[in-house]
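Notes for the structure review
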Amino acid sequence: MKKLLTFVLILMLACLFLDKIGATDMHMQFNGSDIDGPLEWLFGLVFAGGGVLIAALVLVCVAVVMGVVLAGVGMVLLAVLAFCVVLALALSTPVLLPLLIPVAIVWLLVSRNRKQAQARQHSL
């Protein structure tokens, strides 16, 4: 009984599927002539699927090109930013000169103390 019920269910689903496929009002024209018959839906599905595949391929190519372009623009922006920082430092050097004098004195004292410590280690 179970096998018969399974067979009847599959047969009913197949009939419903074929009824849905065959009951479409799709009219397809290929080279000016109408395509009719039971495979009309298959041709429409293949051609529509081909369009979707072409669209997916185009989207991948556009994504790659946009990635390359935006990476190039990013590199140019980083170079411009680095140039602006160097220019700002060059223009602010006269203003920073009074600040550099104490820094230079501290640097000399630290380096002198380091040299004296190394000399003591070598003498031991």
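Residues numbered from 1 in each chain as written. Predicted model: local features only at pLDDT ≥ 70, side-chain atom pairs only at ≥ 80, totals over all residues. Heavy atoms only, no water.

A short note on the overall build of the protein
- For the protein, the helix and strand inventory stands at 3 helices and 2 strands.
- Listed by position from the N terminus, the elements making up the protein come as α-β-β-α-α.
- In the protein, which comprises 124 residues, the share counted as buried stands at 4%.
- When the accessible surface of the protein is totalled, it reaches about 11200 Å², and 79% of it is carbon and sulfur. (Helix = DSSP H or I, 4+ residues; strand = E, 2+ residues; numbered from the N terminus. Buried < 20%, exposed > 50% of the residue type's maximum accessible area, 1.4 Å probe, protein only. Areas by Shrake-Rupley, 256 points an atom, 1.4 Å probe, with all protein chains shown as cover.)

Quick look at helix α3 (residues 93-123)
- Taking 1.5 Å per residue as the helical rise, α3 with its 31 residues ought to reach 45 Å, and the 42 Å between its terminal C-alpha atoms agrees with that figure.
- In the structure, α3 departs most strongly from a straight axis at Leu 99, where the bend amounts to approximately 40 degrees and where the proline Pro 102 lies between one and four residues downstream. (Expected span 1.5 Å × (residues − 1). Bend = angle between axes of the 7 residues up to and from the residue.)

Quick word on a nonpolar patch on the surface
- A cluster of nonpolar side chains, namely Ile 54, Val 58, Val 62, Val 65, Met 66, Val 69, Leu 70, Val 73 and Leu 77, defines an oily patch on the protein surface of about 820 Å² accessible area.
- Structurally, Leu 70 can be placed in helix α2 (residues 40-91). (Patch = residues over 30% accessible without salt bridge, like charges linked within 9 Å, V, L, I, M, F, W, Y side chains within 5 Å. Salt bridge = Lys/Arg side-chain N within 4 Å of Asp/Glu carboxyl O.)

Quick look at the confidence of the model for the protein
- Of all residues in the protein, 83% have pLDDT values of 70 or greater, and the mean over the chain is 80.
- The least confident element of the protein is strand β1 (residues 28-30), whose mean pLDDT is 70; the most confident is α2, at 85. (pLDDT = per-residue confidence, 0-100.)

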